[in-house]
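# Structure assessment
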Amino acid sequence: MSTFSAPKGTYDLLPPDSAAFLAVREAIAAPLRRAGYGYVETPGFEHVELFARGVGESTDIVTKEMYTLTTKGGTRLALRPEGTASVLRAALQANLHRSGSLPVKLWYSGTYYRYERPQAGRYRHFSQVGAEAIGAEDPVLDAELIILAADAYRSLGLSGVRLLLNSLGDRTCRPAYREALQNFLRGLDLDEETRARIEINPLRVLDDKRPDVRRQLADAPLLRDHLCESCKEYHEGVRALLTAAGVPFTDDPALVRGLDYYTRTTFEFVHDGLGSQSAVGGGGRYDGLSELIGGPALPSVGWALGVDRTVLALRAEGVAPAVPAATDVFAVPMGDEARRVLFATVTELRRAGVAADFAYGGKGVKASMKAANRSGARYAVVLGERDIAEGVAQVKDLESGDQVAVPLDGLVADLAARLGPGAAGRE
Ligand code: HAM
């Protein structure tokens, strides 16, 4: 035990649990790579103003949850609370939108920071894998991203993820709806903070989870009934493409999301095994964000899936993601000469793509075999003085307990063959 522990709202990722996190990241990334998304990485902090303008001055994320700091030079920075504004900033800065055909398709994986009230599934430091398709307005693109996320969840073996879908309209139809909603909300019995929200960001009031507020919202006007023709047509296009791809969804006219940049398509993936923090991922279209942060008009769409919550969803369903064995072969040397020989074997095995580990520290056979069993390895290779004299090593199958003597000069090939193609090249 050290004097220190991880700060509130954070946790350490440690083996063996960390393997599931890597498996989730990889399962989300693989379909994106296959669909032509290129990897992007941006700094862990940005100018505060990027998020204030991008995510929205009145959002909880900007008003309450950002970790901000002022550098010695007086620059105001914020740890990134989300990835979309940063990725778009990076694409604009590098002129990616001018250097090739549109859309620019990017994916990312990283940690994000929000000063939220910690609870199960809600942390102050968490991981997302995200994707952004920048500079094109086409329902196929919205559908593509949603399908890729659904495929990622499915490839992990999750069956309880549900997709909620909505359209938030655009700058043509949203203002009239906003006014209609404000007029309705002003007539309700609400606390002061919520009344203030009506004037700044009335759509967020629809997201209020308190039962007495929910009850009053039952008859609230819905954007669905105020969409302009082009938004309606666009949304129908997305819905039809999802249906054709066999991706089920539920229309959720009250889905508003916690970030201000959304226009038209918005969606959330939820899992019922997670308690109140049920959103495992979310995203949508953000056609006006580029202009908000000083760029040209670049209609775009994207999502971010929460890695931590996806791991919790796997646990809730009792699904273990396919994780490659940490160790295939465990070497147990007895004596100094055996240590030299087996260490060379381990090095060769690793270079051949076989996961191999070693009994360090000159332990006795009993302790070494215990370590071998604990490592999860399939085979232990035991080498003593007599074996060396005879030019063999003992290969013990840790599942069946069978042991055979294998010539030292063919040991690496023998082990690779026993393990089959699944072991080699697993990096
Ligand atoms: P978001 O809905 O704020 O969207 O976050 C996406 C996902 O990150 C959530 O569904 C959740 O799984 C996870 N997440 C968020 N906050 C926490 C937290 N405090 N603890 C654990 N997990 C969390 C965005 O961030 C947008 N940038 C998504 C996007 C990309 N929209 C367009 N492009």
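Refer to the structure presented above.
Bear in mind the structure is a predicted one, so any value in this text is a computation, not a measurement.

### Re the site of the ligand
- The full set close to the ligand counts 27 residues, and Glu 82, Glu 116, Tyr 123, Glu 132 and Tyr 262 are the nearest of them.
- In the model, a nitrogen atom of the ligand is placed 3.5 Å from a nitrogen or oxygen of the Gly 302 main chain.
- Note that a nitrogen atom of the ligand is positioned 3.3 Å from one of the backbone N or O atoms of Trp 303.
- Protein contacts shield 96% of the accessible area of the ligand, which totals 660 Å² for the unbound molecule.

### Looking at the packing of helix α1 (residues 18–34) against helix α6 (residues 139–155)
- One can describe the packing of α1 onto α6 by two numbers: an axis separation of 8 Å at closest approach and a directional angle of 135°. Comparing their axes, α6 and α1 come out oblique. Once α1 is placed against α6, the crossing between them reads as right-handed. Across from Ala 27, Ile 28, Pro 31 and Leu 32 in α1, the residues of α6 making contact are Leu 148, Ala 152 and Ser 155.

### Focus on the environment of Val 247
- Here Val 247 shows up in the loop between α11 (229–244) and β8 (250–251).
- Judged by its relative accessible area of 9%, Val 247 falls in the buried class.
- Once residues within four sequence positions are removed from consideration, Val 247 is found in contact with Ile 146, Ile 147, Ala 150, Leu 163 and Leu 242.

### Structural notes on the pattern of salt bridges
- All chains considered together, the criterion is met by 30 salt bridges.
- Of the charged contacts, one joins Arg 257 and Glu 268 as a salt bridge, the two residues approaching to 2.7 Å between their closest N and O atoms. Of this pair, Arg 257 sits in the loop between β8 and β9 (263–271) while Glu 268 sits in strand β9; the two residues are 11 residues apart in sequence, bridging distant segments of the chain.
- Judged by relative accessible area, which is 13%, Arg 257 ranks as buried.
- With a relative accessible area of 15%, Glu 268 lands in the buried category.
- Look at the salt bridges and you will find they share partners, linking Asp 60, Lys 64, Glu 193 and Arg 197 into a network.

What counts as what
- Residues numbered from 1 in each chain as written.
- Predicted model: local features only at pLDDT ≥ 70, side-chain atom pairs only at ≥ 80, totals over all residues.
- Heavy atoms only, no water.
- Near = heavy atom within 4 Å.
- Polar contact = N/O pair within 3.5 Å; in protein donor to acceptor, adjacent residues only side chain to side chain.
- Areas by Shrake-Rupley, 256 points an atom, 1.4 Å probe, with all protein chains shown as cover.
- Axes fitted to C-alpha atoms, helices over the stretch in contact; angles between N-to-C directions.
- Helix = DSSP H or I, 4+ residues; strand = E, 2+ residues; numbered from the N terminus.
- Parallel < 35°, antiparallel > 145°, perpendicular 65-115°, else oblique.
- Left-handed = near helix turned anticlockwise from the far one by under 90°.
- Contact = heavy atoms within 4.5 Å.
- Buried < 20%, exposed > 50% of the residue type's maximum accessible area, 1.4 Å probe, protein only.
- Salt bridge = Lys/Arg side-chain N within 4 Å of Asp/Glu carboxyl O.

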